[in-house]
Amino acid sequence: SLLTKRTMLIALIVPDIENLFFAALARCLEESCQAAGYELVIANSNDRRAVERDLLQHVVARGVDGLFLIPARESYVDEVGLREDVRRVPCPVTLIDRLVSAQWCDGAGFDNVLGGALAARRLLEAGHTRIGCISGDGREGSANRRRRGFADVLEQAGVPLESMLDVAGDYRFDGGYAATAAMVDNGATAVFCCNDLMAMGLLRGLRERGLSVPADMSVIGYDNIMERFGMQIEVTTVEQDVAQLARAAWELLSARIGAPGEGHPWLAEPRTRVLAPCLVDKG
Ligand code: RIB
């Protein structure tokens with residue numbers, strides 16, 4: 001209304017609108033917003049820093065009451081730049097899913113180190129000793145936290161992740177597909193993919209080589225998006241419950257909207273909610 005200058009709009013910036021994980025999360029966030037009388041508007045950064053910055057500066061500034069931000073891959077590995085961008089946003093901000101390591105903003109996400117550890121334990125229990133990993137981009141992002149949790153458990157079990165089986169992916173189908181040769185040529189019997197889209201790319205690569213899962217290779221994914229597609233794919237995955245994540249994020253953001261205080265109190269005393277992922281065993 002004019003009195004409160006509220007727009008009753010909440011913005012959500014996602015990094016990859018084609019990834020069903022983010023679509024499902026957006027749907028849950030929309031439900032929370034609508035239940036409280038807000039509309040959710042969605043924008044896609046396509047994992048690009050420049051696009052995200054433009055959205056933060058121009059779209060959000062046109063007037064929203066709050067912002068959910070899932071940082072672009074190019075941004076969340078550069079926390080200083082990201083922080084500068086977020087500081088200029090004239091409304092409360094809650095980071096979702098891709099949390100920053102220095103806590104300077106409210107955020108809700110899953111424990112990625114734990115998720116990687118769950119995957120490693122499962123593959124070790126199954127008796128694998130040549131295990132590969134398709135992770136992120138070599139810096140400290142969510143995929144690399146997963147890789148770290150995974151590699152630590154393998155190391156403790158005396159089967160360290162070998163460098164030729166430790167491949168950087170990109171959270172996209174193509175990254176998983178491109179890593180197939182390295183996994184097959186170096187004799188991996190099991191591969192942990194740091195998200196399901198890369199697992200799907202790897203499955204395509206294996207099928208083209210006449211190999212099948214799990215007979216020729218075990219594959220573990222991350223997100224549990226296959227089930228949402230209704231696909232009968234026998235790929236064990238580390239699930240992140242999007243409904244739970246959306247609820248936690250809305251609790252954080254809604255508590256800031258209209259809260260007393262000048263400037264950006266949410267930057268001074270940030271709150272973080274870290275949730276536990278769980279392994280969904282498909283056998
Ligand atoms: O599939 C996209 C991935 O990016 C998810 O696993 C999510 O947690 C993220 O950071």
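Per an unreviewed UniProt entry, the recorded name for the protein is Ribose operon repressor RbsR, and the organism is Bifidobacterium pseudolongum PV8-2.

## Re the pairing of strand β5 (residues 106-110)
Buried residues dominate β5, accounting for five of its five residues. Here β5 shows no split at all, with D106, A108 and F110 on one side and G107 and G109 on the other all buried. Bridge analysis of strand β4 (residues 93-96) against β5 gives three bridges, and the strand direction is parallel. The residue bridging T94 from the neighbouring strand is D106, located in β5. As defined by bridge partners, β5 adjoins strand β11 (residues 272-275) across four bridges and the pair is classed as parallel. Counterpart to G109 in the pairing with β11 is V274.

## Details of the domain arrangement of the protein
A common way to report how large an interface is uses the accessible area buried once the components associate. You can read the domains of the protein as domain 1 (9-111 + 241-277) and domain 2 (112-239). Domain 1 puts 14 residues into the contact, and the matching count from domain 2 is 18 residues. Of all the secondary-structure elements, those providing two or more residues to the side of domain 1 that touches domain 2 are α1 (20-35) and α3 (73-76). The greatest single-element share of the side of domain 1 that touches domain 2, amounting to three residues, is contributed by α1.

Conventions adopted
- Residues numbered from 1 in each chain as written.
- Predicted model: local features only at pLDDT ≥ 70, side-chain atom pairs only at ≥ 80, totals over all residues.
- Buried ≥ 20, exposed ≤ 12 C-beta atoms within 10 Å, placed from the backbone.
- Helix = DSSP H or I, 4+ residues; strand = E, 2+ residues; numbered from the N terminus.
- Pairing = 2+ DSSP bridges.
- Domains from an automatic or database assignment.
- Contact = placed C-beta atoms within 7 Å.

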